[in-house]
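In case you want the letters, here they are:
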Amino acid sequence: MMNRLRAVMAADMDNEARLMEVVHLIANTMVADVCSIYRRTDDDRLELIATEGLRVDAVHLTFLTIDEGLVGQIATTAQPFSVQDAPRHPSFSYRPETGEDPYSAFLGVPILRGGRVIGVLTVQNQTARHYKDDEIDSLQTIAMVLAEIVAVGDVGPEQTDAAREGRAVNLKGRALCDGLGMGKVRLHDPVIPAAKFFAKDSHVEAARLGQALSDLDASIDRMLSAEIGGLWGEPREVIEAYKLLASDPSWAEKLREGVRGGLSAEAAIDRLRREHRARFEKVKDPYLRERLHDLEDLDNRLLRILAGTEESHIGGNGGTAEPEVLVARRLGPAELLDYGKSGLVAIVLEEVATSSHAAIVARGLGIPTVGGISGLLTHVGRGDTMIVDGEDGMVHIRPDAVLRKAYNTRQILLSERQAAFQAQRGEPTETKDGVKLQLMLNAGLGLDMDYLQSTGADGIGLFRTEFQFLMSDILPKVGDQIALYKKVLDGADGRPVNFRTLDLGGDKMLPNLNDAREENPALGWRSIRFALDQPGLFRRQLRALIRAAAGRTLSVMFPMVTSAHEFRQAKALLMTEVAWSRDKGHDVPSDIKVGAMLETPAFAYALEDLAGEVDFVSIGTNDMLQFFHAADRMTPAVSDRYPFVSRPVMRFLRQVRETCSRLDIPVSICGEGAGRPLPALCLISLGFHALSMPAGGIGPVKRMIRSLDLSVFQPAFEGLLEHPEPALGNGVLELAHQQGIILADD
Ligand code: PEP
Ligand code: MG
């Protein structure tokens, strides 16, 4: 059958004739009285486009709605369906023009492409009969081959006119990781050309598949091994789950079956991939979606292994030095780790959540990334040139000469800037008038620890422990948590590390744990509230922190505390865990510092009650600003109502700083704003001498500090705070300019 199908596919004829040949061939081989093909039209109907057995004059005249009859049922469920006596089935829809009265038995399978049902292939018999599993299987295989003709030969999602004509397109997405990159598009989802569908020799194909499966196994083992893991255990469960899936005999057996049936190894995988994708598109449950995505990820991984050096190779770009921009619908964290840094200068994703695991890993790897561009794949083709700006979320596809030139200029400036930052790494973080400041890092992945070295930061001001939970599909075991925290402390090598306890909820949801829909998630069941209500989970984390810091200083802070009572509850749990560890004979930390994050205005007024109880306060300005201004940090439409450098914010922060000084509570700032020179200048002028920020902020902020004479700037800044005009940002810019303080590149 496959040989004959291959001959039909290769024959020189138009598609209409080819489809008629195919239905004839299928009907003959399957001893069916009828074989028909329906195509899904642009307006979501199902059009009869070829038939053997039904009336030929019904072709192109018979249309069904997308959910009409048994054919519609297959289109909407994306599943095969068979029945012995179709006319008696409640979903049967009778179309007299087709002359299908005498046929009882019915079997239909979806024609899938890119995760979408693009048609339905059916066979019918006069006598009531039962279609066997292997017949259903063969029909599915044929449907896969047919997909390419039904889709009229397009490869990948339908391209826009601009893409077909090679015109430039600029798209705006969501900036996920800073930086700028230009390179050739590399499509993450391998496309199998129709010519590669059939096996020339089934034995050779079976051997290729066998080899690829064992290479896959080995590659997953390598990822699990310490040298490549790099993430220090966080994604271990994800990879372990892959391993389980990869060694599932039914998955491999389905692939082998395809090859035995005459498909090439690639086509056998592609067939399963289409099924997985179609199921993925239908499933709403986040946990199941992740599982199906993992399966699709495995399919893709195996395809890349088969492509070997011919095309993209797993773990890199096959040694070619050409910079590449990875373009994908969506990307799992392990998939991204597969590519590693080699050759990738940027990543662009169609789908993405802010806390997307891939975005977290991209930041860890320092690859400029933009996400959330719907329809992205319709605008690009493999090999197109693309500029990705991870700072403003712009993506320029097939840029013209002017844009490329602008890119090159900016890239040179950025590299010069980078070199200058490197050069100042060993210099003291000190103002011109000798005020010493502390610049710390915000981190969340084992990978981030590399930045301590490269930026010369003074420590980790905020370690977001929830990232390990977000990276993993199952809750990280205490042992894995201990391993991560130990590595962080080892990596910090005596420099201070503030572990922020689990900050889940809000935009950081764990499927199956806190995915209840809320009206206002930012104001809802999140952060310390969530942790206190999940004492089992919270205490396990505290235990892990205590064990990891045995014999060293443990510095812990609780997120989004709103009252003294909450802080005391959380601290009591920590102390109970310390006592428990001691009772069990474990070593405990030599010193414990317990802090709180000030992220709500309410907590500013609770500090009075906590003198002597709280060891330090760190102001999380990302959350604090949204509550202060009542402007959601995730809603772009109100992003300009969220100013950092404004008099109300600065007066509030000044008050917090004064309260902390009076109560003798050390206070620092974490939150992204501390990593931008303009707000950082204001914060320093208010008397905040410890700032924690993303790695990219250290260089520019340090440069600003080294150009600042605080004794001159500070009084002028205080003066500005007392007057209503000009807008504070403008006033500070003006002052900085007059005093030669370097805030930006120009
Ligand atoms: C903050 O809110 O400022 C903060 C540092 O925490 P996160 O951004 O993780 O909510
Ligand atoms: Mg926060």
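Residues numbered from 1 in each chain as written. Chains lettered and ligands numbered in written order. Predicted model: local features only at pLDDT ≥ 70, side-chain atom pairs only at ≥ 80, totals over all residues. Heavy atoms only, no water.

### Side note on the overall build of the chain
Our working rule: Here a strand is any run of E in DSSP of at least two residues, a helix any run of H or I of at least four, and the numbering for each starts at the N terminus. With a 1.4 Å probe rolled over the protein chains alone, any residue whose accessible area is under 20% of its type maximum counts as buried; one over 50% counts as exposed, and the rest are partly exposed. What makes two residues a contact is simply this: any of their non-hydrogen atoms within 4.5 Å. We get accessible surface area from the Shrake-Rupley algorithm with a probe of 1.4 Å; when it comes to residues, only the shown protein chains can shield them.
Counting secondary structure elements, the chain contains 28 helices and 22 strands. For the chain, the residues scored as buried account for 55% of the 746 residues in total. Sequence separation of 24 or more characterises 67% of the internal contacts of the chain that already satisfy a separation of 6 or more. Accessible surface for the chain amounts to roughly 30700 Å². Of this, 52% is attributable to carbon and sulfur atoms.

### Some thoughts on the sheet that holds strand 6 (residues 116-125)
Condition: Pairing between two strands is assigned when DSSP locates at least 2 bridges connecting them. Fitted lines through C-alpha atoms give the axes, limited to the stretch in contact for helices. The angle between two N-to-C directions lies from 0 to 180 degrees.
The strand order 3-2-1-6-5-4 describes an open sheet built from six strands, whose pairing is antiparallel. Taken across any chain shown, the strands that pair with only one partner, and hence form the sheet edges, are strand 3 (63-65) and strand 4 (81-83). Pairs of neighbouring strands in the sheet enclose a mean axial angle of 25 degrees, with direction left out of account. Where helix 2 (residues 15-29) meets the sheet, its contacts fall on strand 1 (34-40), strand 2 (45-52) and strand 6, and the angle it forms with strand 2 comes to roughly 65 degrees. Relative to the sheet, helix 3 (residues 69-77) contacts strand 1, strand 2, strand 3, strand 4, strand 5 (105-113) and strand 6, its axis offset from that of strand 5 by approximately 35 degrees.

### Some remarks on the packing of helix 27 (residues 710-722) against helix 28 (residues 728-738)
Defined as follows: Oblique is the label for every angle not falling under 35 degrees (roughly parallel), over 145 degrees (roughly antiparallel), or within 65 to 115 degrees (roughly perpendicular). Helix crossings fall into two classes, left-handed where the near helix is turned counterclockwise from the far one by less than a right angle and right-handed where it is turned clockwise.
The contact between helix 27 and helix 28 brings their axes to 10 Å, and the two run at 155 degrees. With respect to each other, helix 27 and helix 28 are oriented roughly antiparallel. Here helix 27 runs over helix 28; the crossing is right-handed. Residue-level inspection shows F713, A716, F717, L720 and L721 of helix 27 in contact with helix 28, the latter providing L728, G731, V732, L735 and A736.

### Examining the nonpolar core
If you look at soluble globular proteins, the nonpolar side chains tend to sit buried side by side. Just so we agree on the cut-off: By nonpolar core we mean a set of buried residues, namely Ala, Val, Leu, Ile, Met, Phe, Trp, Tyr and Cys, connected to one another through side-chain atoms within 4.5 Å.
F558, L598, I619, L653, L691 and M704 are the most contacted members of the largest nonpolar core, which has 93 residues in total. Leave out the neighbours within four places in its chain, and F558 touches T501, I528, F538, L542, F567, A570, K571, V594, G595, A596 and M597.

### Comments concerning unusual backbone geometry
A cis amide bond links E725 to the next residue, P726, at an omega of -10 degrees. With respect to the secondary-structure elements, P726 resides in the loop between helix 27 and helix 28. In this structure, V31 is a non-glycine residue whose phi angle is positive, near 50 degrees. Structurally, the position occupied by V31 is in the loop between helix 2 and strand 1. With a phi close to 50 degrees, D493 is a non-glycine residue in the positive phi region. Of note, D493 is situated in the loop between helix 18 (478-492) and strand 17 (497-500). In this structure D493 comes out as exposed when scored by relative accessible area, which is 63%.

### Details of the site of ligand 1
Formally: Summary of the distance rule: residues count as near a molecule or strand when at least one heavy atom falls within 4 Å of that molecule or strand. What qualifies as a polar contact is a pair of N or O atoms within 3.5 Å, subject to a donor-acceptor requirement within protein and to the restriction that residues adjacent in sequence count only when both atoms come from side chains. Only Asp, Glu, Lys and Arg are considered charged, only Ala, Val, Leu, Ile, Met, Phe, Trp, Tyr, Cys and Pro nonpolar, and every remaining residue, Gly among them, polar.
Taken together, the neighbourhood of ligand 1 is formed by 14 residues, with R464, R500, E599, G620 and N622 sitting nearest. Residue N622 places a main-chain N or O atom 2.8 Å away from an oxygen atom belonging to ligand 1. In the complex, the protein chains occlude 98% of the 280 Å² of accessible area that ligand 1 would expose alone. When residues of the shell around ligand 1 are traced back to their parent elements, those giving at least two are strand 16 (460-464) and helix 23 (621-629). When residues of the shell around ligand 1 are assigned to their parent elements, the largest contribution, three residues, is made by helix 23. For the shell around ligand 1, the residue count by class is three nonpolar, four polar and seven charged.

### Some details on the side chain of S581
For S581, the position within the fold is in helix 21 (residues 564-583). Residue S581 is classed as buried on the basis of its relative accessible area, which comes to 0%. For S581, the residues in contact, after removing those within four places along its chain, are I546, H586 and V588.

### Details of the coordination of the magnesium ion (ligand 2)
What counts is decided by this rule: With water excluded from the atoms, a metal site may look incomplete; its donors are any N, O or S atoms within 2.8 Å, or within 3.2 Å for Na, K and Ca.
Protein coordination at the magnesium ion (ligand 2) comes from E599 (OE) and D623 (OD), with a distance range of 2.0 to 2.1 Å. Of this pair, E599 sits in the loop between strand 19 (591-598) and helix 22 (601-604) while D623 is found in helix 23, placing the two residues 24 residues apart along the sequence. Judged by its relative accessible area of 2%, E599 is buried. The exposure class assigned to D623 is buried, which follows from its relative accessible area of 3%.

### Brief notes about the side chain of E599
Inclusion rule: The charged-residue count follows a simple rule in which Lys and Arg add positive charge and Asp and Glu add negative charge, with His and chain termini not counted at all. The rule for a salt bridge is simple: a side-chain nitrogen of Lys or Arg has to be within 4 Å of a carboxyl oxygen of Asp or Glu.
We note that E599 is buried and unpaired, the nearest opposite charge coming from R500 at a distance of 4.6 Å. Excluding its chain neighbours within four sequence positions, the residues that come into contact with E599 are P559, M560, G620, D623, M624 and F627.

### Details of the packing of aromatic side chains
Rules: When the centres of two rings from Phe, Tyr and Trp lie within 6.5 Å, Trp using its six-membered ring, the rings pair. Their planes under 30 degrees apart give stacked, over 60 give edge-to-face, and anything left gives tilted. To sit over a ring, a charge needs its Lys NZ or Arg CZ within 6 Å of the ring centre and within 35 degrees of the ring normal.
According to the stated counting rule, one finds seven aromatic pairs in the structure shown. Measuring from centroid to centroid gives 6.2 Å for F538 and F558, while their planes differ by 75 degrees, and the two rings are edge-to-face. Note that F538 is positioned in helix 20 (residues 535-548) and F558 in strand 18 (residues 553-558), a separation of 20 residues in sequence. Side by side, F538 and F558 carry an identical accessibility label, which is buried. Site record: aromatic cluster; members linked through ring pairs are F463, Y485 and F499. Seen from the ring of F63, R45 lies directly overhead, with NZ or CZ sitting 4.3 Å from the centre. The ring of W580 carries R543 above its face, with NZ or CZ at 3.8 Å from the centroid.

### Some words on the sheet that holds strand 9 (residues 180-187)
Read across the sheet, eight strands follow the order 7-14-13-9-10-11-12-8 without closing on themselves; strand pairing throughout is mixed. The sheet terminates laterally at strand 7 (169-172) and strand 8 (174-177), the two strands that pair on one side only. On average, each strand axis in the sheet is tilted by 30 degrees relative to the strand beside it, whichever way the strands run. Of the strand pairs in this sheet, strand 9 and strand 13 (residues 385-389) are connected by five bridges, and their pairing is antiparallel. From the neighbouring strand, G181 faces strand 13, where its bridge partner is V388.

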